[in-house]
Amino acid sequence: MTKCSPPSPPADGITARRLISIDDLSDVEIGYILDLAEHYAGFLKRSEPAPQCLAGRTQINLFFEDSTRTNLSFDLAGRKLGADVVNVPVSASSVHKGESLIDTAQTLAAMGADVMIVRAKEQGLHERLDQLLDCVVINGGAGALEHPTQALLDAVTIRSKFKTLRALTIAICGDVQHSRVAGSDARLFTRLGANVRFVGPAGLMPESNQFTDIERCTTLKDGLAGADIVMGLRMQFERMQSGDKDATQGYFETFGLTHETMKRAKPGAFVMHPGPMNRGVEIDGALADDPARSLILQQVFYGVATRMAVLDALLGAA
Ligand code: NCD
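Calculation notes
In every chain, residue numbers begin from 1 and rise along the written sequence. Local features are withheld for residues below a pLDDT of 70 in this predicted model, meaning they are given only at 70 or higher, and side-chain atom pairs are given and counted only at 80 or more; totals for whole chains, interfaces and linings count all residues. Computation of side-chain values: all heavy atoms of the structure, hydrogens and water removed. The cutoff for a nearby residue is simple: one of its non-hydrogen atoms must lie within 4 Å of the molecule or strand. Distance and chemistry together define a polar contact, namely a pair of N or O atoms within 3.5 Å, with one atom able to donate a hydrogen and the other to accept it when in protein, and with adjacent residues in sequence counting only for side-chain atoms on both sides. Surface exposure here means Shrake-Rupley accessible area, sampled with a 1.4 Å probe, where a residue is shielded only by the protein chains that are shown. Here a helix means four or more residues in a row that DSSP labels H or I, a strand means two or more in a row labelled E, and each is numbered from the N terminus. When residue character is reported, Ala, Val, Leu, Ile, Met, Phe, Trp, Tyr, Cys and Pro are called nonpolar, Asp, Glu, Lys and Arg charged, and the others, Gly included, polar. For every domain, the bounds stem from an assignment made automatically or drawn from a database. Take the accessible area each of two parts loses on contact, using a 1.4 Å probe, and add the two losses: that sum is the buried area. Salt bridges are defined by distance alone: a side-chain nitrogen of Lys or Arg within 4 Å of a carboxyl oxygen of Asp or Glu. Working definition of a nonpolar core: buried Ala, Val, Leu, Ile, Met, Phe, Trp, Tyr and Cys residues. They are joined through side-chain atoms within 4.5 Å. In this scheme, a residue with accessible area under 20% of its type's maximum is buried, one over 50% is exposed, and one in between is partly exposed, where area comes from a 1.4 Å probe on protein chains only. Note on contacts: a residue pair is in contact if any heavy atoms of the two residues lie within 4.5 Å. When DSSP finds at least two bridges between two strands, those strands are taken to pair.

Caption draft 1: Seen up close, the site of the ligand. Residues in contact with the ligand, as listed here, are Arg 69, Thr 70, Arg 119, His 147, Gln 150, Arg 180, Val 181, Arg 234, Pro 274, Gly 275 and Pro 276. In this structure, an oxygen atom belonging to the ligand sits 2.8 Å away from a side-chain N or O atom of His 147. Within the side chain of Arg 180, a nitrogen or oxygen atom sits 2.6 Å from an oxygen atom of the ligand. With the chains in place, 93% of the 310 Å² that the ligand exposes on its own is no longer accessible. Elements with a contribution of two residues or more to the shell around the ligand: helix 2 (69-80) and helix 6 (180-191). Across the shell around the ligand, the residue classes tally to 3 nonpolar, 4 polar and 4 charged. When residues of the shell around the ligand are assigned to domains, at least three map to each of domain 1 (22-146 + 301-317) and domain 2 (148-299).

Caption draft 2: Fine view of the domain arrangement of the protein chain. According to the domain assignment, the protein chain contains domain 1 (22-146 + 301-317) and domain 2 (148-299). The C-alpha-based centres of domain 1 and domain 2 are spaced at 25 Å. Looking at the side of domain 1 facing domain 2, the largest losses of area belong to Ile 22, Leu 34 and Tyr 302, adding up to 28% of the total buried there. Between the two partners, domain 1 and domain 2, sit 6 salt bridges. The partner of Arg 159 in a salt bridge is Asp 35, with the nearest N and O atoms 2.7 Å apart. Our count for the contact surface shared by domain 1 and domain 2 stands at 17 residue pairs in polar contact (both at pLDDT 80 or more).

Caption draft 3: Quick peek at the nonpolar core. Tyr 40, Ile 138, Leu 152, Ile 170, Leu 188, Phe 189 and Leu 311 are the most contacted members of the largest nonpolar core, which totals 63 residues. Looking at this core, you find at least three residues from each of domain 1 (22-146 + 301-317) and domain 2 (148-299). For Phe 189, the contacting residues outside a window of four places in its chain are Ala 151, Asp 154, Ala 155, Ile 158, Leu 165, Ile 170, Ala 194, Val 196 and Met 231. Met 235, Tyr 251, Ala 265 and Ile 283 belong to the second largest nonpolar core, which has 22 residues in total.

Caption draft 4: View of the pairing of strand 9 (residues 229-232). Covered by surrounding structure in strand 9 are Ile 229 and Met 231 together with Val 230 and Gly 232, the residues of both alternating faces. In this structure, strand 6 (residues 169-173) lies alongside strand 9, joined through 4 bridges in parallel fashion. Across the sheet, Ile 170 pairs through a bridge with Ile 229, a residue of strand 9. Note: strand 9 against strand 10 (residues 270-272), 3 bridges, orientation parallel. Paired with Val 230 across the two strands is Val 271, which belongs to strand 10.

Here it is, written out as structure tokens:
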């Protein structure tokens, strides 16, 4: 592959017609999307216009939950590929006149959407929309369950430093139980050959019958030992029951990510965080801002390129 030529698509093409879970993609499709994201990152780094492969296609961003990075990077990604992009102002929409989420989505699809990016907490909504709508449905965040494009952009960011995730040790640290990022990251990183660990208070771990193949550590000492990457997570108070909040007491003193606690990881290990971060709650500002240790803004950068790759791969095939 020369610097500017795109990666070759899989021999059988892209068969995925939706991206609701990482498991909607085959290993070959994942590899292609990661390579394509790196290809598009080249355009962004060189400030060059990307091919307008989505010209004439309509992309609707429908976010029923708050978002900064995901919504805006999908917006930019679609525009950079030439799509007509519409962001639905949910707080000023007919959802507040009692319209159901499904009726809202069907109405928007009837305006000629080729792809709809949906963020919502209702379980099963994305699957239902995929059945009902005649367009590609991409999950921009589903409750505490899945956030597949965040996982893909995290993998692209890690590859930018380590070339591969194979045999890396990746510690996902914090409120794992309520994190859709932790779930999608764990599924994807494991498939890419990494050793993944969940690290945090026992009260913020997933149920014991979930993620049974992932090691769990309830101390930073064990959890960070030998880690190449430490992924910090926000306390997702909006999804917690009152009992869960007890597990957050004294969190920073026990689990806070700082230059000092990162000494438990491998020398030169990187810290990541999907954002939004809460400085002094799960991560120290000095660590988050240290360009030698923190990949947090690189995750944001690769978010645009990765979403360009996802849109191109799924719409190119549709
Ligand atoms: C996350 C999300 O919304 O799931 N952020 C993101 O999309 N970059 C993480 C969070 O809300 O804590």
